[in-house]
Amino acid sequence: MEKSLLKRRQLLWYLGLGAVGAGGAAALHQTRNFGSTTESTIPVPKIQPRVSPALTTEKTKLPELQGINSWLNSEPLSLASLQGSVVLIQFWTFACINCQRTLPSMVKWHQQYASRGLKIISIHTPEFAFERDINNVKQAVEQRKITYPVAIDNEFQTWKAYENEYWPHLFLADRQGNLVYDHIGEGAYTETEQIINQLLG
């Protein structure tokens, strides 16, 4: 976990967030749109964080959720059971300020698009010891008005299955379970919502 924390802090440093604060958080980020012939017009930093090679090609299936300790707002789910839905996976932890700033958009997307087939699954992977306490997670979920499923990944098994290294990090898959887009950090809300709409058809 110490290595993961170091990598997250390195990411924030590379993106300039340590120096420029919240303003830079919205402007500096990395996005990729898999299967698109055009590159994103959103500026990216010269030093880009590594993304798992396993998740960077067309027709790559999202890895299955693994080792989930418990679920909030849902019975246990599997990606296999969500075939036919557009699936948005977000890795986060409740004390991460960058994660906190993404949550209003996540909540809004759930409210607007769940009825059209969007399934958001929140993977809560703790950064610090107090974030492992499920009662603290429950309190954060209630405060942030999160009603979509929250998977408690205290043992980092799903984190490892996705070869993830960052908070927050979202992955978006089409109705066939193919990864089409992912985004590290804050920002790109308009772009992400446009892709959600495209996938929902």
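Our subject is the structure listed above.
This write-up is about the structure you can find in this document. What you see is a predicted model, and the numbers here were worked out from it, not measured in a lab.

A few points about the overall build of the chain
Now for step 1: For the chain, the helix and strand inventory stands at seven helices and seven strands.
Now for step 2: Beginning at the N terminus, the succession of helices and strands in the chain can be written as α-α-α-β-β-β-α-β-α-β-α-β-β-α.
Now for step 3: When each of the 201 residues of the chain is scored for burial, the buried share is 53%.
Now for step 4: In the chain, the proportion of contacts linking residues at least 24 apart, taken out of those at least 6 apart, comes to 76%.
Now for step 5: Total accessible area computed for the chain in this model is approximately 9,600 Å², and 51% of it derives from carbon and sulfur atoms.

Concerning the packing of aromatic side chains
Now for step 1: Applying the stated criterion across every chain yields a total of eight aromatic pairs.
Now for step 2: Summarising the aromatic geometry, the rings of Trp-159 and Trp-167 are spaced 4.6 Å apart at their centres and angled 45° between planes, so their arrangement reads as tilted.
Now for step 3: Here Trp-167 falls in the buried class, since its relative accessible area comes to 1%.
Now for step 4: One aromatic cluster is present, formed by Phe-91, Phe-156, Trp-159, Tyr-162, Trp-167 and Phe-171 through successive ring pairs.

As for unusual backbone geometry
Now for step 1: Cis geometry marks the peptide bond from Trp-167 to Pro-168, where omega comes out at -15°.
Now for step 2: Note on placement: Pro-168 falls in the loop between helix H6 (157-161) and strand E6 (169-173).
Now for step 3: Positive phi is not limited to glycine here, since Lys-145 has a value of about 55°.
Now for step 4: Structurally, Lys-145 is set in the loop between helix H5 (134-143) and strand E5 (150-152).
Now for step 5: On the accessibility criterion, Lys-145 (61% relative accessible area) is exposed.

Some words on helix H7 (residues 189-200)
Now for step 1: When the terminal C-alpha atoms of H7 are compared, their 16 Å separation across 12 residues agrees well with the 16 Å that a helix rising 1.5 Å per residue should span.
Now for step 2: Along H7, the residues that are buried comprise Glu-191, Thr-192, Glu-193, Ile-195, Ile-196, Leu-199 and Leu-200.

Notes on the environment of Trp-109
Now for step 1: Take Trp-109: it is sitting in helix H4 (residues 97-113).
Now for step 2: Note on Trp-109: relative accessible area 2%, which makes it buried.
Now for step 3: Between the C-alpha atoms of Trp-109 and Ile-120, which are 11 residues apart in sequence, the distance is 8.6 Å.
Now for step 4: Apart from residues lying up to four places away in sequence, Trp-109 is in contact with Leu-88, Ala-114, Leu-118, Ile-120, Tyr-189, Thr-192, Glu-193 and Ile-196.

Definitions and cut-offs
- Residues numbered from 1 in each chain as written.
- Predicted model: local features only at pLDDT ≥ 70, side-chain atom pairs only at ≥ 80, totals over all residues.
- Heavy atoms only, no water.
- Helix = DSSP H or I, 4+ residues; strand = E, 2+ residues; numbered from the N terminus.
- Buried < 20%, exposed > 50% of the residue type's maximum accessible area, 1.4 Å probe, protein only.
- Contact = heavy atoms within 4.5 Å.
- Areas by Shrake-Rupley, 256 points an atom, 1.4 Å probe, with all protein chains shown as cover.
- Phe/Tyr/Trp six-rings, centres within 6.5 Å; stacked < 30°, edge-to-face > 60°.
- Expected span 1.5 Å × (residues − 1).

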